[in-house]
Structure formats: C-alpha cells, structure tokens
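Notes for the structure review
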Amino acid sequence: MKVLVLNSGSSTVKYQLIDTANGEPVIKGLVDKVGSIGATHTYSYNGEKKTEDVLARDHREAIGLVIKLIKDLGFEIDAVGHRVVHGGYKFFESVLINNEVIEYIREFGKLAPLHNPPNLTGILACREVLGDIPQVAVFDTAFHQTIPMENYLYAIPMKFYETYRVRRYGFHGTSHKYVMEKTAKELGLDLSKTNMITCHLGNGASIAAIKEGKSFDTSMGFTPLEGLIMGTRSGDIDVGAVLYIMDKEGMTTSDMDRLLNKESGILGITGISNDMRIVEEGYFKGDERMILALKMYCNRIRKYIGAYFFELRKVDAIVFTGGVGENSPIVRKLVLDGLEESVGIIIDDKKNEETIRGKFGVVSTPESKVKVVVTPTNEELAIAIETERVVKDYLKS
Ligand code: ADP
C-alpha cells in the first residue's frame, strides 16, 4: 500500500509517500512558508533533491501541489496517515477519520492550540483534494491513554480535571510504541510480559515506563513542557519559581510560555545552542558551561529512569532513541554509568561507541541484568504502518 504520511504544522507541510511493502519512502519533502510569499517545496525522489519556489497561499494549495507531484511521478495514493498531536481523553489508538473524529480533533485544539489546528487544516485540505481516499489520524497521545489515573492526575483540586480535563497526557507516543515493538521483536521478547523504559531524546524529549507492553507512566504532561531537559524547553521546574520570575519581570503568560518553551533547556543553560552536537564538542574541549549543560541534561534522564525502575519493579530493557539517543554514546554513558554493582547495568563501551547513525544495537554486556538498547525510531514509517492496519481493518469489517 502507498501511504502518504502528512505532518501539517502552522506554516509547513512535511510528507513522505511510503510503500508499506518495504517500508521505504518513495518521495519525501517539505513545503515551507505556507501562507506567505516565498514558499518553497523541497523534495527528494530517486536519490535527487530539488527545491522549487511555489505558490502555497494556504494548506490546501500546499497539499494540492504535493499530490500533483506524486501523480505526475506516476504514483497513486491508497491512504493518507496524519500525525495529530492531541487525541485528548478520547483516542486510545489510531482511527479512520470521519466527521465525528474531526469534531474531536477540533475540540482538543483547546489542549494543543499550536498543533491540532494546523493538523486539522491538513486533514480538511486532503479531504478536499483527495475526495474519498481513506484518511487515518495517528495521535501522539494515544499510546499513553493506558496510563492509570494515579499516574496521570496532578495533585490539584479535582474540579480542574473534571471541568477542563487538566491531567498528564504524554506525547511522542507513536515513537515510544514503535521502538517498544521493534525492540521486543529484535530481542525476541513477548511484549505482554515485558517491561521497558524508553527514552526518546530528540529536540523534544520524553521518557516512558512501559509495563507489559502498555504505557504506564511518562515524563511529558498536560503539555510537552514537563519532564526532561530539552533543546529549548526547561522540563520540570518549580511552578513557584515561574510565578516569582513573572512577578519580578512583569511578564504575561505568553511571555513565560515563550521563555519556558523556546528559550530554556540546553539553549537556556549554554546561551549558545540547543544542538547536542555543539554541547558535546564543548564538553570534550573542557568548556565549563557545556559540561554543566550535559551533566544537567543526563542527570534529569537518570532521575526519571531511577523513578521508573522503582515504579515498574522489574525492567527488561532500557531503550534509547531520537537524534540524541541514537547518536550520542556520551549521553548514554553518563546516564547509566556506575550502576554495575547496585543495579547490575553494565555498558559495553566499545558497542556503545559503535552504535550510532541509525544502527540498532544492544550496548550492554551479556552479563548486564538489564539490556540497554539503541533502537532508531521512524515516526513516519510507524504512521504508515498504523494507517495500513486501520484501513485494512475497516475494509474487513
Ligand atoms: P526532532 O525531535 O526534531 O525530531 P531529532 O530526533 O532529529 O529531532 O533530534 C535532534 C537532536 O539530535 C538535535 O539536538 C541534534 O543535536 C541531535 N543530534 C543529531 N545528531 C547528533 C550527533 N551525532 N550527536 C549528538 N546529537 C546529535
């Protein structure tokens, strides 16, 4: 099946046409600056990359030109899989899109105002341009809907959960689920009996405690701000400190939103960059600020792994994924070193150094009581696989 995987952002449309028979992208591209003058379409096909200036005054026009390109190159689209950030309390899994689903995605726009509205615009534009071709919504939050109430509630008056559904939702679910399944398959583990801790470390970063193949706890919360230190997000912070700074600086909620989401994290600590490659370079050269940033970043991950270890009681594998998780042996080492005697986690330094650039690998020694695994994520492929599954189930019913 040829699945068009779409990720519609506020001014971008990212896509891949994936052949589910081999999991490879046939065409992939990005329409940038949608809605403004100077929109461009960059795409790769057959090993060649091209960039063209285009007219994309809105998402419908941008999606229209993506579909025209696909058809001009001689391909048919069998189904469309949309990345949708927020499935609220409603969606436990991917669903075929109909009018009711659209209304829910619209409603959950209240919970993800930066993400769900452009995701929905992409869905509506596809409906207009592609007519009856089946479309599937794959939610970032869905995998975490199995988290029990004691783990998803915040300790604030219950009326805020009851009235506004303020609770922990979790994100990156498509990636956590994909690497969980892939790791279990590679290691020959029965998922229904397997516990894992999966660390998705990209620009955004989150960690999940997985119990018997289901999400049991996760570090991101009501929004993707909670938890780990990220490229530009603070992760956990005392709300008291936030209120104090707002008071001192006369900041509005949107000022503080920008500070915590766009100006904090690795960028905030280093004052230079949110890129882990720059931080690593500085760390090895002995730059004090970069050393501090890397220590803070790794220690936060370590704290969560420790907490999830106790929550799960037994852990079969700790999995690293995402741009940093897949490419940074030093992060993996700093997160898990010194646990040989107490917990029995033993890293194989050589394997750890060698497992980079999209390679799957077990980086712990055979004696290690918990396997430490690097499993490259592929969210687009995961969306294509989910889309095919949902469409096939629908056609069977
Ligand atoms: P996104 O969350 O946007 O999907 P990615 O998963 O691609 O992002 O991760 C981006 C992050 O991965 C960046 O912070 C980048 O610095 C980091 N990264 C990429 N390559 C390396 C590398 N070789 N070593 C360390 N970090 C890397």
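Computed from a predicted structure; not experimentally measured.

Residues Ile156, Phe160 and Tyr164 make up a contiguous nonpolar surface patch of roughly 290 Å² in combined accessible area. Note that tyrosine 164 resides in helix 5 (residues 159–164).

A few words now on the sheet that holds strand 13 (residues 361–362). The strand order across the open sheet formed by six strands is 11-10-9-12-14-13, and the pairing between neighbours is mixed. The sheet is open, and its two borders are formed by strand 11 (214–218) and strand 13, each paired with just one other strand. For strand 10 (residues 205–211) and strand 11, the ladder comprises four bridges, and the chain directions are antiparallel. Paired with isoleucine 210 across the two strands is serine 215, which belongs to strand 11. Contacting strand 9 (196–201), strand 12 (317–321) and strand 14 (371–374), helix 13 (residues 329–336) crosses the sheet at an angle of about 150° to strand 12.

So, on to the pairing of strand 12. Counting buried residues in strand 12 gives five out of five residues, a clear majority hidden from the surface. Side-chain alternation along strand 12 places Ala317, Val319 and Thr321 on one buried face and Ile318 and Phe320 on a second face that is also buried. As judged from the five bridges shared by strand 9 and strand 12, these two strands associate in the parallel manner. For histidine 200, the partnering residue across the bridge sits in strand 12 and is threonine 321. With four bridges connecting them, strand 12 and strand 14 associate as parallel partners. For alanine 317, the partnering residue across the bridge sits in strand 14 and is lysine 371.

Our focus in this paragraph is the packing of aromatic side chains. Following the criterion strictly, the structure yields 11 aromatic pairs and no others. Taking the centre distance of 5.7 Å and the plane angle of 70° together, the rings of tyrosine 304 and tyrosine 308 count as edge-to-face. Here tyrosine 308 and tyrosine 304 lie together in helix 11 (residues 288–312), a separation of four residues that amounts to about one turn. Classification of tyrosine 308 by relative accessible area gives buried; the value is 3%. Across from the ring centre of tyrosine 89, 3.9 Å away, lies the NZ or CZ of arginine 165, which sits over that ring. Geometry around tyrosine 152 places arginine 167 over its ring, the cationic atom sitting 3.6 Å from the centre.

So, about the packing of helix 11 against helix 13. Contact pair helix 11 / helix 13: the axes reach a minimum separation of 8 Å and the direction vectors enclose 55°. The angle between the axes of helix 11 and helix 13 places the two elements in the oblique class. Seen along the crossing, helix 11 lies across helix 13 with a hand that is right-handed. On helix 13, the residues that touch Leu294, Tyr297, Cys298, Ile301, Arg302 and Ile305 of helix 11 are Ile330, Val331, Leu334, Val335 and Leu336.

Scoring rules and cut-offs
- Residues numbered from 1 in each chain as written.
- Predicted model: local features only at pLDDT ≥ 70, side-chain atom pairs only at ≥ 80, totals over all residues.
- Heavy atoms only, no water.
- Patch = residues over 30% accessible without salt bridge, like charges linked within 9 Å, V, L, I, M, F, W, Y side chains within 5 Å.
- Areas by Shrake-Rupley, 256 points an atom, 1.4 Å probe, with all protein chains shown as cover.
- Salt bridge = Lys/Arg side-chain N within 4 Å of Asp/Glu carboxyl O.
- Helix = DSSP H or I, 4+ residues; strand = E, 2+ residues; numbered from the N terminus.
- Pairing = 2+ DSSP bridges.
- Contact = heavy atoms within 4.5 Å.
- Axes fitted to C-alpha atoms, helices over the stretch in contact; angles between N-to-C directions.
- Buried < 20%, exposed > 50% of the residue type's maximum accessible area, 1.4 Å probe, protein only.
- Phe/Tyr/Trp six-rings, centres within 6.5 Å; stacked < 30°, edge-to-face > 60°.
- Lys NZ or Arg CZ within 6 Å of the ring centre and 35° of its normal.
- Parallel < 35°, antiparallel > 145°, perpendicular 65-115°, else oblique.
- Left-handed = near helix turned anticlockwise from the far one by under 90°.

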